[in-house]
Amino acid sequence: MQMRTIGQTALRVSPLCFGGNVFGWTLDEAASFSMLDAWLDRGFNFIDTADVYSRWAPGNQGGESETIIGKWLAATGKRHDIVLATKLGMDMGDGRKGLRAAYIERAVEDSLRRLQTDVIDLYQSHKDDEDTPLDETLEAHARLIAAGKVRVIGASNYSAARLAESLAVSADFGWPRYECLQPHYNLMERGFEQELAPLCVQETISVIPYYSLASGFLSGKYRSAADAGKSVRGPKIVETYLNDRGRRVLDALDAVAGAHGSTATAVALAWLMAKPAVTAPIVSATSIEQLDSVAAAATLSLSAAQMKALDDASA
């Protein structure tokens, strides 16, 4: 498996990243431990979570995913075997949100405690906070790096204009810059390609897309209105993606998967991994079968004709 580098740093990661939003939500602690073990057993080392995961689930308060990962690290001693990414900034309740310096300093301590680690490898601003000056946010991140609590910083859900502005601020002050971007990007959501992709290529910003499988649509799980009942998110997925364009994309995925003896899941991820700037799509799984389908993408190489067929189907 060919490892990849985050931005202009020495942080080396596997070509797929496990998304920890399922920990403490659709996977309990024991199942989460098993999935993390299986992820490492298959040669991957990159794990992404956020302080807010999974606050949306009934009975949760946020921090559940980080807590489970921290317990797994303590139980296995595998901290040095992984690259650990988390995020801050989303609403945690009681006024805990945003990217003010004072809140960043508080949030990082909370994440470090839950994760049971001394340092976060990749600390990401979960979304832009336009009410806070970029220099305040970036200076606070610079202090965390200087203190050894964070190695590298990244951003998620930033526009091209705001990402470019943040890079300029870091350069002006000599502070560490955002080395990584986490955008919404997949075969059904290609807006990233318009302005953000050229910027990330130009500035050597790594890209770790979320919803890489369009919430499961690109796995081929949802092919008719009746399939909406297959998951909690099924009705929304069917409403959003099951149209003429979505069916064209599924047909193209099936054709390429058939040629490789593979799956739509692996092909959709291989397409994403082959795109400029993309370092490691974020993926989740709730079973070993799903995990193996995802993992197969790491060794799947698509031809130029196959890439074009998928590009054209999803245009």
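In what follows, the structure referred to is the one given above.
Note that the coordinates shown come from a computational prediction; the quantities given were computed from them, not determined experimentally. (Residues numbered from 1 in each chain as written. Predicted model: local features only at pLDDT ≥ 70, side-chain atom pairs only at ≥ 80, totals over all residues. Heavy atoms only, no water.)

1. Details of the side chain of Arg 162
Within the fold, Arg 162 resides in helix 5 (residues 160–173). You can call Arg 162 buried: its relative accessible area is 15%. (Helix = DSSP H or I, 4+ residues; strand = E, 2+ residues; numbered from the N terminus. Buried < 20%, exposed > 50% of the residue type's maximum accessible area, 1.4 Å probe, protein only.)

2. Some details on the pattern of salt bridges
Scanning the model with the defined rule gives 22 salt bridges in all. Among the charged side chains, a network of salt bridges with common partners joins Arg 190, Glu 193, Lys 275 and Asp 311. (Salt bridge = Lys/Arg side-chain N within 4 Å of Asp/Glu carboxyl O.)

3. Notes on the environment of Asn 45
You can see Asn 45 is positioned in the loop between helix 1 (29–41) and strand 4 (46–48). Overall, Asn 45 belongs to the buried group, its relative accessible area being 10%. Along the sequence, Asn 45 and Gln 182 sit 137 residues apart, while their C-alpha atoms lie 17 Å from each other. Ignoring any residue separated from it by four or fewer positions in sequence, one finds Asn 45 in contact with Met 3, Arg 12, Val 13, Ser 14, Trp 39, Asp 81, Ile 82 and Val 83. Separated by 2.7 Å, the side chain of Asn 45 and the backbone nitrogen of Ser 14 make a polar contact. (Contact = heavy atoms within 4.5 Å. Polar contact = N/O pair within 3.5 Å; in protein donor to acceptor, adjacent residues only side chain to side chain.)

4. Remarks on the sheet that holds strand 4
Read across the sheet, eight strands follow the order 9-8-7-6-5-4-3-10 without closing on themselves; strand pairing throughout is parallel. Each of the sheet's edge strands pairs with one partner strand only, and the pair in question is strand 9 (206–207) and strand 10 (282–283). Packing against the sheet, helix 3 (residues 101–115) makes contact with strand 5 (83–88), strand 6 (120–125) and strand 7 (150–156), and its axis sits at approximately 135° to strand 6. (Pairing = 2+ DSSP bridges. Axes fitted to C-alpha atoms, helices over the stretch in contact; angles between N-to-C directions.)

5. Concerning the nonpolar core
In terms of nonpolar packing, the biggest core is built from 97 residues, with Trp 39, Phe 217, Leu 218 and Leu 253 touching the most fellow members. Element by element, the count of residues in this core is highest for helix 9 (residues 264–273), at nine residues. Here Trp 39 is in contact with Leu 16, Cys 17, Phe 18, Phe 44, Asn 45, Phe 46, Ile 47, Val 283, Leu 291 and Val 294, once residues within four sequence places are set aside. (Core = buried A, V, L, I, M, F, W, Y, C linked by side-chain atoms within 4.5 Å.)

6. What about the pairing of strand 6?
The buried fraction of strand 6 is high, at six of six residues. Here strand 5 runs beside strand 6; their pairing, made up of four bridges, is parallel. The partner of Lys 87 across the bridge, within strand 6, is Gln 124. Each parallel crossover has a hand, and the one from strand 5 via helix 3 to strand 6 is right-handed. (Right-handed = clockwise from strand over helix to strand, strands pointing away.)

7. Comments concerning helix 9
Since the α-helix packs 3.6 residues into each turn, any two residues three or four apart lie on the same face. With respect to burial, helix 9 is a largely interior element, ten of its ten residues being buried. The set of residues buried in helix 9 consists of Ala 264, Thr 265, Ala 266, Val 267, Ala 268, Leu 269, Ala 270, Trp 271, Leu 272 and Met 273. Among the structural elements, strand 1 (4–5), helix 8 (244–260), strand 10, helix 10 (288–295) and helix 11 (304–314) are those in contact with the buried residues of helix 9.

8. Describing unusual backbone geometry
The amide bond that connects Tyr 53 to the next residue, Ser 54, takes the cis arrangement and shows omega of -5°. When you line up the elements, Ser 54 lands in the loop between strand 4 and helix 2 (64–76). The phi torsion at Asp 94 lies on the positive side, around 55°, for a residue other than glycine. Locating Asp 94 in the fold gives a position in the loop between strand 5 and helix 3. The exposure class assigned to Asp 94 is exposed, which follows from its relative accessible area of 76%. A positive phi angle, near 55°, is found at Thr 204, a position not held by glycine. Structurally, Thr 204 is set in the loop between helix 6 (196–203) and strand 9.

9. Some details on helix 5
Between its terminal C-alpha atoms helix 5 stretches 20 Å, which fits the 20 Å expected from 14 residues at 1.5 Å a residue. Buried within helix 5 we find Ala 160, Arg 162, Leu 163, Ser 166, Leu 167, Val 169 and Ser 170. Contact partners of the buried residues in helix 5: helix 4 (134–146), strand 8 (178–182) and helix 6. Positive backbone phi, approximately 75°, marks Gly 174, located one or two places after helix 5. (Expected span 1.5 Å × (residues − 1).)

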